[in-house]
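A closer look at the structure
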Amino acid sequence: MTVLAIVGATGAVGSTMIDIIDSRETVPWSEIRLVASARSAGKKLTVRGEELTVIELAPEVFDGVDIALFDVPDEVSAEWAPIAASRGAVAVDNSGAFRMDPDVPLVVPEVNAAEAANRPKGIIANPNCTTLSMMAAMGALHRAFELQALVVASYQAASGAGQVGIDRLYAEQAALAGKEVGVRAGDVAEVLEAAGLGGDSPFPAPLAMNVVPWAGSVKDDGWSSEELKVRNESRKILGIPDLKVSATCVRVPVVTTHALAVHATFASEVSPDKARAVLASQPTIVLRDDPAAGQWPTPLETVGGDPTWVGRVRQALDFPNTLELFLCGDNLRKGAALNTYEIAETVAAG
Ligand SMILES: NC(=O)c1ccc[n+]([C@@H]2O[C@H](COP(=O)([O-])OP(=O)(O)OC[C@H]3O[C@@H](n4cnc5c(N)ncnc54)[C@H](OP(=O)(O)O)[C@@H]3O)[C@@H](O)[C@H]2O)c1
């Protein structure tokens, strides 16, 4: 008898979590509770053919719960995950509230599943979606060749900013449809303004027909919070405290699936063929790497699936023991809901 609660069941990540539960052949849960704010309380959602009513977040919703998944904003997790833990649940948190807490493991089951058992606060953190999109591949390559440095450029989807990000991209695309824009500085912004989409965007610039070299909040020396998360979380998950990491995070007009261009340097001798052999042997990675046949990973082919897709594996010219790779991972599945759910399955299996 294992009782599961999904807090934030009505959001972009929570909805994907329900899709994943529906797609599993069997689940270990005797009861599933769907939880959100007062805004969504009373809403009916169907999980594995059963209609469930969303209940409002309150301390007593955790009574009798074994595992509570948190798919809510940072401040909600920061307040409520400890409450869930104090009522006996293991809290698995998707937000950024606990990821760098030394008493909270940051888990990617393919890389460090054993860490899930080491949870002094009763809380396990799920990594940020950009970092997660490359962890299964980087973990496998690290085990084989000993990773020393990562230089990463991300191409991040609108849904990384939640349901409001998805809604904003569709609204911008609808406003711009059929218009000849993008040929003069400012013309896209003018059309959006005229359509009532001038302000109040989750993105700092128009996203449709554009790329925006910014994700997250402003940190010291010009870095964004997203870029620092890639550095800090990669080090913690891989267990390499002195891993050299430098990231540039960019938002692109893709609905879902983050892509990453990765320049990875190893201590041991590595070659594209050796790396492909390692990657192809991983159950959660799809290797798609035949440029002559037009085979490489794209967000549109990756979206909606569980594996991370890897391709464009090359020996870096001018950099010894260094590979260039291009990866795509569905940010709402492996990047958020799927990894969190896999942590819950790991905990439930004891
Ligand atoms: N989107 C991604 O790619 C991604 C990836 C990794 C991690 N994450 C993280 O996952 C979390 C959820 O993100 P999301 O993209 O799913 O956001 P979202 O679409 O905005 O959904 C937020 C969810 O949180 C609930 N919520 C908000 N305030 C609440 C409160 N005070 N009490 C109870 N429930 C509350 C909402 O319920 P209502 O329906 O009642 O408003 C909704 O279910 C965030 O921490 C995010 O950073 C997101």
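So, here's what we can say about the structure. (Residues numbered from 1 in each chain as written. Predicted model: local features only at pLDDT ≥ 70, side-chain atom pairs only at ≥ 80, totals over all residues. Heavy atoms only, no water.)

**With respect to the site of the ligand**
Applicable threshold: When at least one non-hydrogen atom of a residue lies within 4 Å of a molecule or strand, that residue is treated as near it. In protein, a polar contact means a hydrogen-donor-capable atom and an acceptor-capable atom, both N or O and within 3.5 Å, with residues adjacent in sequence counting only if both atoms are side-chain atoms; elsewhere, any N or O pair within 3.5 Å suffices. For the accessible areas, the method is Shrake-Rupley and the probe is 1.4 Å, while residue cover comes only from the protein chains on display. The numbering of helices and of strands both runs from the N terminus, where a helix is a DSSP run of H or I of at least 4 residues and a strand a run of E of at least 2.
The immediate surroundings of the ligand are formed by 27 residues, with Thr10, Val13, Ser37, Ser40 and Val72 found nearest. Between glycine 11 and the ligand, the recorded distance is 3.0 Å, taken from a backbone N or O atom to an oxygen atom. Side-chain polar atom of serine 40 to an oxygen atom of the ligand: 2.5 Å apart, as the coordinates give it. With the chains in place, 80% of the 910 Å² that the ligand exposes on its own is no longer accessible. Secondary-structure elements contributing two or more residues to the shell around the ligand are α1 (12–23), α2 (74–86) and α10 (333–348).

**A few points about the pattern of salt bridges**
Put simply, the rule reads: For this document, the term salt bridge refers to a Lys or Arg side-chain nitrogen within 4 Å of an Asp or Glu carboxyl oxygen. Type-normalised accessible area, obtained with a 1.4 Å probe on protein chains alone, sets the label of each residue: buried when under 20%, exposed when over 50%, and partly exposed for intermediate values.
A complete count under the given rule lists 13 salt bridges for this structure. Arginine 24 serves as the salt-bridge partner of glutamate 345, at 3.0 Å between the closest nitrogen and oxygen. Of this pair, glutamate 345 sits in helix α10 while arginine 24 sits in the loop between α1 and β2 (31–36), and the two are 321 residues apart along the sequence. For glutamate 345, a relative accessible area of 23% gives the class partly exposed. Close ionic contact of glutamate 31 with arginine 33 constitutes a salt bridge, the shortest N to O distance being 2.8 Å. We classify glutamate 31 as partly exposed; its relative accessible area is 34%. Linked through salt bridges whose partners overlap, the residues forming this network are Glu110, Lys334 and Glu342.

**Structural notes on the side chain of threonine 16**
Put simply, the test is: Throughout, a contact is declared for two residues whenever any of their heavy atoms are within 4.5 Å.
Here threonine 16 is to be found in helix α1. The contact partners of threonine 16, leaving out residues within four places of it in the chain, are Leu332, Arg333 and Ala337.

**Observations regarding the sheet that holds strand β8 (residues 123–125)**
Where we set the bar: The criterion for strand pairing is that DSSP finds at least two bridges linking the strands in question.
In space, the six strands of this open sheet follow the order β5-β2-β1-β6-β7-β8, with parallel pairing throughout. Each edge of the sheet is formed by a strand with only one pairing partner; in this case those strands are β5 (55–56) and β8. With five bridges connecting them, strand β1 (residues 3–7) and β2 associate as parallel partners. Within β2, the residue paired with isoleucine 6 across the bridge is leucine 34.

**Brief notes about the nonpolar core**
Rule in force here: Among the buried residues, those of types Ala, Val, Leu, Ile, Met, Phe, Trp, Tyr and Cys that are joined through side-chain atoms within 4.5 Å form a nonpolar core.
Counting residues in each nonpolar core, the largest one holds 58 residues, and the members touching the most others are Phe70, Met134, Met138, Leu150, Val262 and Leu325. Among the elements that take part in this core, helix α4 (residues 129–145) stands out by supplying nine residues, more than any other. Apart from the residues lying within four places of it in its own chain, the contact partners of methionine 138 are Leu147, Leu150, Leu238, Val262, Ala264 and Leu325. In this structure, Leu4, Ala9, Ile20 and Leu332 belong to the second largest nonpolar core, which totals 32 residues.

**Some thoughts on the pairing of strand β14 (residues 322–329)**
Among the eight residues of β14, seven are classified as buried, and the element is accordingly described as predominantly covered. Bridge count between strand β11 (residues 258–266) and β14: eight bridges; the pairing is antiparallel. Bridging across to β14, alanine 264 finds its partner in leucine 323. Looking at chain direction, strand β13 (residues 308–315) and β14 are connected through five bridges and run antiparallel. In the strand pairing of β14, tryptophan 309 is matched with cysteine 328. The hairpin formed by β13 and β14 contains six residues between the paired strands, and aspartate 318 there has a positive phi angle of roughly 75°.

Coordinates in, geometry out; function isn't part of it.
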